[in-house]
Amino acid sequence: MRRIVHLTSVHSRHDTRVFLKECRSLAGEGYDVSLVVADGAGDETRDGVRIRDVGASPGRLTRMVGATRRVLQAARALDGDLYHLHDPELIPVGLQLKRAGKLVIFDAHEDVPLQILSKHYLGPTARRVVSRGFSTFEAWACRRFDAIVAATPAIRDKFIAINPTVVDISNFPLPGELEGGADPPGKRCDVCYVGGISETRGIRELVSAMGMVRSNARLKLCGLFAEAKLSADVRREAGWGRVDELGFLDRAGVREVLSGCFAGLVTLRASPNHVESLPIKMFEYMSAGVPVVASHFPLWRKIVLESGCGICVDPERPEQSASAIDLLANDPALVREMGHKGRLAVRDRYNWSIEERKLIDLYASLFSLTGCP
């Protein structure tokens, strides 16, 4: 049986893309799948995937050095036939595994050079220098890997010039996972945001918008703040009085929140890394039959308008988000229509079953080319 090892020093062991989708899909296809993580929660086997924990690190720098080294040691001990990397900081690990004669895939979840340009803790000059430097290193290293998996078509197009084997595998929802609903759409009274909470993800504007809504809607805020200062800042805003902070929720918790909401918010700011992204939360809202209020980036607008599943707004104009929330709060029939259309779009196009096939076909082609038994 071919041994597959997925590696991450950053993501949680039950990460939606890494574990719930890719690892479980490959295990279901009959591969011997292991996942190396660095969270300190110990080893376990779940859904046919063996999870090997190399221990948590106390900070960013120690993680990038110590955890990376421990991940490499575990990877070698597992002696896989193919290694699948999920973090940019593991690229050097992939190069060492290539030198050992292993098949290596790099999974580009983000366009890292563009992401660096949005790092507020770096000055403008430093951001440009670091972005260019990483871009050069990334191109040099990724030419040596056997394949690149890209989370979006835009990331795929960037890597096509670097590596001949690039496949875009979008992080679309698992069919039926978030469907449910204790309340029919017409009786839902809240809106929600699910995901990481940061400046670039528009938390300040969301809280401001809640201070402007005229309906009785409240915001269910599901996720963790990236910074303590940001958390303290937004709590002082008038709109915070209409926010219910729920923290990090597991998948069952997310499903329960969505069942009581008439809209899901994904109003990220127009940073370079966002405008061509495919935010999983937007598609998860759609899969649950919840209309979306999304940033008016061209790609997102095309998806939302073609699907008829929501409203697009300028993410830096809170009054537009407030108006969209009020419109949906006062029109249950529109909520039902948009929710139904969003669910149909996910069923027909934006779902993991389609993306899963691309992943399985990629693995089969790589093993076929190498003659690995």
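That block above? That's the structure.
Anyway, here's the lowdown on the structure attached to this text.

**A short note on the overall build of the protein**
Phase 1 of the analysis: In terms of regular secondary structure, the protein is built from 14 helices and 14 strands.
Phase 2 of the analysis: Here the C-alpha atoms of the protein give a radius of gyration of 21 Å, agreeing with the 21 Å that 2.2 N^0.38 yields for 373 residues.
Phase 3 of the analysis: Principal axes of the C-alpha set define a box for the protein whose edges measure 65 × 45 × 40 Å.
Phase 4 of the analysis: Buried residues in the protein amount to 54% of all 373 residues.
Phase 5 of the analysis: Sequence separation of at least 24 residues holds for 67% of the intrachain contacts in the protein that already meet a minimum separation of 6.
Phase 6 of the analysis: Here the protein has roughly 16000 Å² of accessible surface; of this, 53% comes from carbon and sulfur atoms.
Phase 7 of the analysis: Taking the 50 positively charged and 46 negatively charged side chains of the protein as two groups, their mean positions are separated by 3 Å.

**Overview of the pairing of strand β5 (residues 82-85)**
Phase 1 of the analysis: Where burial is concerned, the two faces of β5 agree: the one with Leu82 and His84 and the one with Tyr83 and Leu85 are both buried.
Phase 2 of the analysis: Here β5 runs beside strand β6 (residues 103-108); their pairing, made up of four bridges, is parallel. For Leu85, the partnering residue across the bridge sits in β6 and is Phe106.
Phase 3 of the analysis: Viewed along the sheet, the connection from β5 through helix α3 (residues 91-99) into β6 turns out right-handed.

**Focus on helix α5 (residues 124-142)**
For an α-helix, 3.6 residues make a turn, and residues three or four places apart therefore share a direction.
Phase 1 of the analysis: Here α5 spans 27 Å end to end across 19 residues, near enough to the 27 Å set by a 1.5 Å rise per residue.
Phase 2 of the analysis: Within α5, burial applies to Arg127, Ser131, Phe134, Glu138, Ala139, Ala141 and Cys142. An end-on view of α5 places all buried positions within 160° of arc, on one side of the element. Set apart from the buried face of α5 by more than 90 degrees, the exposed residues are Thr125, Arg132 and Thr136.
Phase 3 of the analysis: Against α3, β6, α4 (112-116), β7 (147-150) and α6 (153-160) lie the buried residues of α5.

**Points about the pattern of salt bridges**
Phase 1 of the analysis: On inspection of all chains with the given rule, the structure shows 34 salt bridges.
Phase 2 of the analysis: For the salt bridge of Lys358 with Asp168, the shortest nitrogen-to-oxygen distance reads 3.5 Å. Of the two residues, Lys358 sits in helix α14 (residues 352-370) while Asp168 sits in strand β8 (residues 166-168), which places them 190 residues apart along the sequence.
Phase 3 of the analysis: By relative accessible area, Lys358 is classed as partly exposed at 27%.
Phase 4 of the analysis: Two residues, Lys281 and Glu284, come together in a salt bridge whose shortest N-O distance is 3.1 Å. Remark: Glu284 and Lys281 occur in helix α10 (residues 280-287); sequence separation between them is three residues, near one turn of the helix.
Phase 5 of the analysis: Judged by its relative accessible area of 19%, Lys281 falls in the buried class.
Phase 6 of the analysis: The structure contains a network of salt bridges with shared partners spanning Glu199, Arg204, Glu205, Lys229, Asp233, Arg236 and Arg269.

**Brief notes about the nonpolar core**
Phase 1 of the analysis: Met282, Tyr285, Met286 and Leu328 are the most contacted members of the largest nonpolar core, which has 59 residues in total.
Phase 2 of the analysis: Filtering out sequence-adjacent residues up to four positions away, Leu328 remains in contact with Phe262, Ala263, Pro291, Val293, Ile311, Leu334, Val335 and Met338.
Phase 3 of the analysis: One finds Val36, Ala38, Ala67 and Ala139 within the second-largest nonpolar core, a separate group that totals 33 residues.

**Re the packing of α10 against helix α13 (residues 332-348)**
Phase 1 of the analysis: With their axes 7 Å apart at the nearest point, α10 and α13 run at an angle of 115° to one another. The orientation of α10 relative to α13 falls into the category roughly perpendicular. Residues Phe283, Met286 and Ser287 of α10 touch α13, and the partners they reach there are Gly339, Gly342, Arg343, Ala345 and Val346.

**Focus: unusual backbone geometry**
Phase 1 of the analysis: One non-glycine residue, Asp47, adopts positive backbone phi at about 55°.
Phase 2 of the analysis: Considering the arrangement of structural elements, one finds Asp47 in the loop between β3 (44-46) and β4 (49-53).
Phase 3 of the analysis: Positive phi, normally seen in glycine, also occurs at Asp79, with a value near 50°.
Phase 4 of the analysis: Structurally, Asp79 can be placed in the loop between α2 (60-78) and β5.
Phase 5 of the analysis: Owing to a relative accessible area of 36%, Asp79 belongs among the partly exposed residues under this scheme.

**Some details on the environment of Leu206**
Phase 1 of the analysis: You can see Leu206 is positioned in helix α7 (residues 203-210).
Phase 2 of the analysis: Judged by relative accessible area, Leu206 falls into the buried class, the value being 3%.
Phase 3 of the analysis: Taking the C-alpha atoms as reference points, Leu206 and Val243, separated by 37 residues in sequence, lie 9.7 Å from one another.
Phase 4 of the analysis: Look past the residues within four positions of Leu206 in its chain and what remains in contact with it is Tyr193, Leu265 and Thr267.

**As for the side chain of Thr8**
Phase 1 of the analysis: Positionally, Thr8 belongs in the loop between β1 (3-7) and α1 (16-28).
Phase 2 of the analysis: Reaching out from Thr8, the side chain makes a polar contact with the side chain of Asp87 at a distance of 2.9 Å.
Phase 3 of the analysis: Setting aside residues no more than four positions away along its own chain, Thr8 makes contact with Leu35, Val36, Val37, Ala38, Val71, His86, Asp87 and Leu90.

**A look at the sheet that holds β1**
Phase 1 of the analysis: The eight strands are arranged β3-β4-β2-β1-β5-β6-β7-β8 in an open sheet whose pairing can be described as mixed. For this open sheet the edge positions go to β3 and β8, each flanked by a neighbour on one side alone. Averaged over all pairs of adjacent strands, the angle between strand axes in this sheet comes to 20°, irrespective of strand direction.
Phase 2 of the analysis: Note: β1 against β5, four bridges, orientation parallel. Paired with Leu7 across the bridge in β5 is Leu85.
Phase 3 of the analysis: Each of β1, β2 (32-37), β3, β4, β5, β6 and β7 touches α1; the most contacted strand, β2, lies at about 160° to it.

Conventions adopted
- Residues numbered from 1 in each chain as written.
- Predicted model: local features only at pLDDT ≥ 70, side-chain atom pairs only at ≥ 80, totals over all residues.
- Heavy atoms only, no water.
- Helix = DSSP H or I, 4+ residues; strand = E, 2+ residues; numbered from the N terminus.
- Rg over C-alpha atoms; globule rule 2.2 N^0.38 Å.
- Buried < 20%, exposed > 50% of the residue type's maximum accessible area, 1.4 Å probe, protein only.
- Contact = heavy atoms within 4.5 Å.
- Areas by Shrake-Rupley, 256 points an atom, 1.4 Å probe, with all protein chains shown as cover.
- Lys, Arg positive; Asp, Glu negative; His and termini not counted.
- Charge placed at Lys NZ, Arg CZ, Asp CG, Glu CD.
- Pairing = 2+ DSSP bridges.
- Right-handed = clockwise from strand over helix to strand, strands pointing away.
- Expected span 1.5 Å × (residues − 1).
- Arc of directions from axis to C-beta.
- Salt bridge = Lys/Arg side-chain N within 4 Å of Asp/Glu carboxyl O.
- Core = buried A, V, L, I, M, F, W, Y, C linked by side-chain atoms within 4.5 Å.
- Axes fitted to C-alpha atoms, helices over the stretch in contact; angles between N-to-C directions.
- Parallel < 35°, antiparallel > 145°, perpendicular 65-115°, else oblique.
- Polar contact = N/O pair within 3.5 Å; in protein donor to acceptor, adjacent residues only side chain to side chain.

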